[in-house]
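Structure at a glance
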Amino acid sequence: VCGFRHLPPTRVCLNCHAIDQMEPERLAEVGGTVATFTIDRLAFSLSPPVIGVVVDFDGGGRYRCEMTDADPDAVRIGTRVGMTFRRIYTAAGVHNYFWKAKPIEGTN
Amino acid sequence: MASKGIRDRVAIVGMGCTPFGERWDKGVEDLLTDATKETVASAGVALGDIDAFWLGTMGSGVSGITLSKPLKLDYKPVSRLENFCATGSEAFRNACYAVASGAYDLAMAIGVEKLKDSGYSGLVGVRPVGDGTDPGLSSPAAFSFLAPAYAHKYGVDPEEMKDVLTRIAWKNHRNGAVNPRAQFRKEVSLETIKASPLVAGQLGVFDCSGVSDGSAAAIVCRASDAHRYTDHPLYVKALSFVAGPAAGPIDPGYDYTTFPEVVRSAEDAYRQAGITDPRAELAMAEVHDCFTPTELVLMEDLGFAERGTAWKEVLAGTFDRDGELPVNPDGGLKSFGHPIGASGLRMLFECWLQLRREAPPERQIASVDAGRTLGLTHNLGGAPGECVSFVGVVGSEPSA
């Protein structure tokens, strides 16, 4: 109702507390900016080391995820990223795909 | 804030704390028995005099039987609870409310955790299965988000930031070096801390708290009864607990340089205790230094330093054991490790020793001799932007 974007979708609005009044919005092609980051040398990833990023999307919304196809030493607050649908886990031959952030070429 | 507070209505009349560490020689039942034995002796009561029990543990047992079985309790009420890493403080808070209500005369809060038996170097705990989309960051990684955000916001050079974090670990190891109950009892040089292998972001091994086993406990009663048990009780001035809406990971308005939950619980606790200038009024603070950036940010969230200045205060030694406001004089999570259920009560145990001048001379803090009577404990669980926070204040004098 108030326009606050939630990632992932949720039922109660953080901002206005309205319940069950969300509308789906596609953010797959929307760019974002790294708000803070870490290189996690303990957590599991198919592409270690895990680069953990908090991404603020253009026009609102924040999502915390793994960054991929990136140089760990080059990540900064302010790095521009887009979203990409990638394999996150594989167990017993079953693959789990979800969203990761990827640096947008030529923006750093 | 809707909390009314129970200032000066409840008193601590006995406490105990086992040595923390790799206690291969002790099981959960041994640790609980050791802490209980010391605590009842401290209060000068028999176990059978205690009317009700609150047991805090994250993963070392479920149900009240975890306590009633080893202690052979005589059909007494035992609540078992967890609230992430603030579990020990939560056990204490509930025991205080139980005696304040008049439902019981004597209650015991006890916390325990045995982390070393899990075969995993980190915190244990059973959580519901997720949907497989979470990035699954480690705890040090989640807390390391604070470091670049803080440095970026306040213009601290990354090298300088590393020095600040290193100084916090150095200080807490130095305090733990003279504490026989601590897991790590050696000073560690700044060079060693700074050069330790990286775990997450800027955080090295020495920026992380230890992994240990331990137990600690407190016996509480209504303040009006306290002098039946001891000439030197500690009065409960404030108990505040906040569970946040976990806004950080979804709200671009959150900048990873603060714990809003801590700010709220600190404001509430200071209001309950009648504290207006914590840095000037508190004798000491025990805070949740799970990772070095946590302690840095807490100095601002708890009102010990202005926003953007805690890093300078850390370097200046403001929070050293002989500084203006000693923080973690016992060595903190850094030196004690973090047996989850026990940590909040371990913090309180240091207030018990220091405010009543029972700490050995080599580590007794000067602020108590200077007339300060209040100690703060801060315990948090979760991660930056999505946590629970406890702030408590105890004092050696009833309010005028």
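Let me begin by describing the structure that accompanies this report. Worth saying up front: this structure is predicted, and the values here are computed from it rather than measured.

**Topic: the overall build of chain B**
For chain B, the count of helices and strands is 14 helices and 11 strands. The C-alpha radius of gyration of chain B comes to 20 Å, within 12% of the 21 Å expected for a compact globule of 400 residues. Across its three principal directions, the C-alpha atoms of chain B cover 55 × 50 × 40 Å. Restricting to contacts in chain B with at least 6 residues of sequence separation, those with at least 24 account for 78%. When the accessible area of chain B is evaluated, it comes to approximately 14300 Å², of which 52% is carbon and sulfur surface. One finds the centroid of the 38 positive side-chain charges in chain B at a distance of 3 Å from the centroid of its 51 negative side-chain charges.

**A word on the packing of helix H5 (residues 146–154) of chain B against helix H10 (residues 292–301) of chain B**
Residues and elements named next belong to chain B. The interhelical angle for the contact between H5 and H10, taken along N-to-C directions, is 45°, at an axis separation of 9 Å. Considered as vectors, H5 and H10 are oriented oblique to each other. As for the relative orientation of H5 and H10, their crossing is left-handed in sense. On H10, the residues that touch Leu-146, Ala-147, Tyr-150 and Tyr-154 of H5 are Pro-293, Thr-294, Leu-296, Val-297 and Glu-300. Here the contact of H5 with H10 is composed, by residue class, of 7 nonpolar, 1 polar and 1 charged.

**A closer look at the interface of chain B and chain A**
Between chain B and chain A, the contact holds 29 residues from the first and 29 residues from the second. For chain B, the biggest contributors to the area lost against chain A are B:Pro135, B:Phe145 and B:Ile250; these three give 25% of the whole. Viewed at the interface, chain A and chain B are joined by 1 salt bridge. With its nearest N and O atoms 2.5 Å apart, the salt bridge here joins A:Arg64 to B:Glu386.

The rules we used
Residues numbered from 1 in each chain as written. Chains lettered and ligands numbered in written order. Predicted model: local features only at pLDDT ≥ 70, side-chain atom pairs only at ≥ 80, totals over all residues. Heavy atoms only, no water. Helix = DSSP H or I, 4+ residues; strand = E, 2+ residues; numbered from the N terminus. Rg over C-alpha atoms; globule rule 2.2 N^0.38 Å. Contact = heavy atoms within 4.5 Å. Areas by Shrake-Rupley, 256 points an atom, 1.4 Å probe, with all protein chains shown as cover. Lys, Arg positive; Asp, Glu negative; His and termini not counted. Charge placed at Lys NZ, Arg CZ, Asp CG, Glu CD. Axes fitted to C-alpha atoms, helices over the stretch in contact; angles between N-to-C directions. Parallel < 35°, antiparallel > 145°, perpendicular 65-115°, else oblique. Left-handed = near helix turned anticlockwise from the far one by under 90°. Nonpolar A, V, L, I, M, F, W, Y, C, P; charged D, E, K, R; others polar. Buried area = accessible area lost by both parts, 1.4 Å probe. Salt bridge = Lys/Arg side-chain N within 4 Å of Asp/Glu carboxyl O.

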